[in-house]
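Geometric and topological summary
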Amino acid sequence: MSTQLTLQAPLVLPPAEVPGHLERLWSDELGSSHGAATFTLVVWEGSWLEQQLVRCGRLDGPITGLLNDTVLEAARAAAISCGLPLSTAPMDPQLAWAIGNLGGDHHAADLRGQFVEGAISVHMPRRLITFAPTLDGAKPLETLVAAYCPLPEEGAGGDACGDVVVLRGGTGALRENLDLVQPLISPELPCWVWWNSSLDEAPEVMTALASGNRRLVVDSSLGDPRRCLDLLVARVGAGQPINDLNWMRLRSWRESLAMVFDPPSRRDALNHVVQLDLDVEGDNPVKGLLLAAWLADRLGWHLTATYAVDGDGSGQGIGAEFERTDGQTVRFRQMPVPVGVPKTHPGAMVGLRLICQSSQGSPLCVILCSESGGCMRLESGGMASMELAEEVVPLPNESEEMEMARLLSGGHDSTNPLLAVAAPIAARLLP
Amino acid sequence: MGAVLTNPLRVGLRQERVIPPQCLVIFGASGDLTHRKLIPALFELFRQRRLPSEFAVLGCARRPWSDEEFRSRMAEALANEVAEHPLAWEQFAAGLFYEPVDLQDPPSVVRLGERLAVIDRQRATRNNRTFYLSVSPTFYGSGCRSLAAAGLLSDPARSRVVIEKPFGRDYGSAQELNRVVQTSAQENQIFRIDHYLGKETVQNILVMRFANTIFEPIWNRNYISSVQITAAETVGVEERAGYYESSGALRDMVQNHLTQMLALTTMEAPGRFDPESMRNEKAKVLQAARLANEDEPWKCCVRGQYGPGGSSSKPITGYRQEPGVNPESTTETYVAMKLFINNWRWQGVPFYLRTGKRLPKRLSEVVLTFREAPVHLFDAAGGAPTPNQLILRIQPNEGAEFKFEVKAPGSGMRSRPVDMAFSYDDSFGEPSDEGYVRLLADAMLGDPTLYTRSDEVEAAWRLYTPLLELIEDAPAQLPVYPYEARTWGPGAADSLLADDGLIWRRP
């Protein structure tokens, strides 16, 4: 689906006038339309990568907050210029930080919050509130307001409208004006808070926005792994509905692995797993750990030890041992592997190998490979005598907005129970 | 599908859409369908975490039950499930309510509106309602009118009506009923249910056809010589004699279930999988369908009625001896017919439909028979090579089967047919949801893709109008042939195909 721009050019208003203006908007200008009784979506739209690329002249504006191919291409090129490894993912916060050290003072229009991905607009958010922190940390707060009616596509759609509110400025100014936002969030409608940035930044803003039973959406691939996993565990423990886009991107891996064991004839092998190996891109281990934690939970394994493992010059891996329900040991290794063209987010899965060894019959070796990466390392050594089940895991290849739209369309008002149990195990797996 | 050990990696993977806050109002809540299908389906949705906490079920019927009585009756009907999941039932049952309502009595419907407002406050269901008409078909029109008059259908975004089959008795009555319900609600609020469309394997017809590239190029008159669609039941009329006597197999099975299977098998690929695109294509193909001989419809249709059968130790009662059935009844319990579809894809390909009660096996299937190889190079075990067949098994043993010729082992070059089979059980090993689970969820989500639209229903009735008129006006021309219970129907049905040099598949 294509992106849609607000129909009206947003009106720049003094912050204090925003609530009054919105009231007038609904009573006067949108009087003939009924507001969508859907949800409020609050987005923290850092877009540091895009802002830095524009600033140093490696990307033309405007700044939209959308992660499209042009941004990704510019980011991959910039990684090389910055002397970062080839396998640095475009969304790795280190890259935005490194680009920040490059010279340049280019400017472009900042349209964050004014572009709405079609996949999201189809769900007709009643109010879209975007926090757009700027590179200039001292920039004062600017507030913009516009009415927004999703365009009906091919006969679909209706006359339900919403509005967009953009708060733009330095992080300090945004932090100081958080009180402005609270009255704009209707207590009668569900509220999603999408932290579309690193989990390392502005924790106090996240705490303020994601209060109560608001549905928090984060991306645990962005930020310090320990901080990301601890945040997931803390929010799950506190009973807050939390969704993790990094976890959602594991969907095709979970589905592919489950598919291997769908035929009843293979089910018993799951009771006899002796080894689990994962290969991940680069040095962010969170995604792999979440996958291993999910598997451990589903198969009732108990974590007994975890430790760092030296890689062959490609970084440090993670090793662990689990105890199966029958007391036998399962060895786990997760290793970082270098890749030529990294996927968008850090720590993407490259391959999985699961070896099941029962006393009867030949062992079963399951290998899942990423569509783009292959997994030669996992395919090597000692498998000639095993029954081999090999699958290629398709790339989801969906933008953040599409993932977010999937969440909105699901309408789930609680944490995915699989994530709720996997996150604490993943946190314990991290040495 | 048989239940086997659950795949632990499969648990929780299906993240289906969650139904928005709402109250489901079931009219006819004291009837069979409510405790046999609807409440079990809702409880299943609850256990799958697909119902929000802001959800309620309001049972309505004329009996003066209380909320508590309704809950305990439902618990009794679902005794096994309740015993297995007592805590879940306790939570689910807290959202069950009951209101005595007579849809023909306006003050009663006004009271219903007041009760719904109270439930909205109690359960935060936000004025969002799905009304399920599980009542006698004679009340569909007046029921919709009463709901509309009480203002309960005025918000198209927050109110929907689900209407059970049969939707009309013939083309004229279906048109009239459509007119009445469409004056009470917008078409996008009306959900005409056909529970066959809720079956995983019926939906799989679409997936097989449109998610694979190998089938669609040969899915036409150039490669397919004939199609058979069968829905066979082993049971008799059971407790439905009253309804069945006035309906018969043609109205009870063919006009809806078999016609939907026909539509899914023959429709063009929709531009996208959304309600209107899907239903446009189904309506188009049904509008192109014709009885094989509309001028002399008795030549393309055979009716039958099961007589006594079975063994001396297990005798089976004939239809006319069933309780509640007229001993002189001419209601058909079996019907077979031949159709054509007059479009570019299907012109000249005969479609044979059959359904019946008290047949030897319970099964539903679609069988596509492909044209013979143009030249027979090899000796075939059966004299001539068996034409390729693709068999889509709807139930039981859900799956698909492809029959093709291979070289028989040995020094010669003789061919013989073999099967290549896919089975849901072997590949997935999980029981699939009951059709009502899927369909109820879709209605509450406001997704009508698997529901029939007014033009589809009318096209389906129009297709069989020559037969219905004949049964009404000159029944002798379309006699009801007796057949022994637990046989494959009257011999005349075999003649229908024999004239084309074909035989029914014996599954």
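The partner chain A presents 30 residues to the 26 residues of chain B that form the contact. Interface area, chain B with chain A, both sides summed: about 2,100 Å², of which 50% is carbon and sulfur. Applying the counting criterion to the chain B and chain A interface returns 2 salt bridges. Class assignment of the residues belonging to the side of chain B that touches chain A gives a composition of 8 nonpolar, 7 polar and 11 charged.

What follows covers the domain arrangement of chain A. Residues and elements named next belong to chain A. Examined at the domain level, chain A breaks down into domain 1 (3-244) and domain 2 (251-393). Relative placement of domain 1 and domain 2: their C-alpha centres are 35 Å apart. If you look at the interface, domain 1 gives 18 residues, while domain 2 gives 14 residues. Across the domain 1 to domain 2 interface the summed buried area is about 1,300 Å²; carbon plus sulfur atoms make up 65%. Area buried by domain 1 at its contact with domain 2 is led by Arg76, Ser87 and Ser221, which between them contribute 33% of it.

All names here are of chain B. Running from amino to carboxyl end, helix α10 (residues 275-287) crosses helix α13 (residues 454-473) at an angle of 15°, the nearest separation of the two axes being 9 Å. It follows from the interaxial angle that α10 and α13 lie roughly parallel. In terms of crossing hand, the pair formed by α10 and α13 is left-handed. Taking contact as the criterion, the partners of Arg279, Lys282, Ala283, Leu286 and Gln287 in α10 are, on α13, Asp455, Glu456, Ala459 and Arg462. When grouped by side-chain class, the residues that make up the contact of α10 with α13 number 3 nonpolar, 1 polar and 5 charged.

Turning our eyes to something else, we now look at the domain arrangement of chain B. Residue and element names in this part refer to chain B. Assigned domains of chain B: these are domain 1 (22-164) and domain 2 (197-498). Computed from C-alpha atoms alone, the centre-to-centre distance between domain 1 and domain 2 is 34 Å. Contact with domain 1, which involves 18 residues of that partner, is made by 11 residues of domain 2. Between domain 1 and domain 2, a total of about 1,100 Å² is buried, with carbon and sulfur atoms accounting for 71% of that surface. Contact with domain 2 buries surface across domain 1, with Lys37, Ala41 and Leu45 losing the most and accounting together for 30% of the total. Here domain 1 is connected to domain 2 by 1 salt bridge. Run the count over domain 1 and domain 2 and you get 5 residue pairs in polar contact (both at pLDDT 80 or more). For the side of domain 1 that touches domain 2, the secondary-structure elements that each account for two or more residues are β1 (22-27), α1 (32-47), β4 (129-133) and β5 (159-163). For the side of domain 1 that touches domain 2, the element with the highest residue contribution is α1, accounting for 7 residues. Residues of the side of domain 1 that touches domain 2, tallied by class, amount to 10 nonpolar, 3 polar and 5 charged.

Calculation notes
Residues numbered from 1 in each chain as written. Chains lettered and ligands numbered in written order. Predicted model: local features only at pLDDT ≥ 70, side-chain atom pairs only at ≥ 80, totals over all residues. Heavy atoms only, no water. Contact = heavy atoms within 4.5 Å. Buried area = accessible area lost by both parts, 1.4 Å probe. Salt bridge = Lys/Arg side-chain N within 4 Å of Asp/Glu carboxyl O. Nonpolar A, V, L, I, M, F, W, Y, C, P; charged D, E, K, R; others polar. Domains from an automatic or database assignment. Axes fitted to C-alpha atoms, helices over the stretch in contact; angles between N-to-C directions. Helix = DSSP H or I, 4+ residues; strand = E, 2+ residues; numbered from the N terminus. Parallel < 35°, antiparallel > 145°, perpendicular 65-115°, else oblique. Left-handed = near helix turned anticlockwise from the far one by under 90°. Polar contact = N/O pair within 3.5 Å; in protein donor to acceptor, adjacent residues only side chain to side chain.

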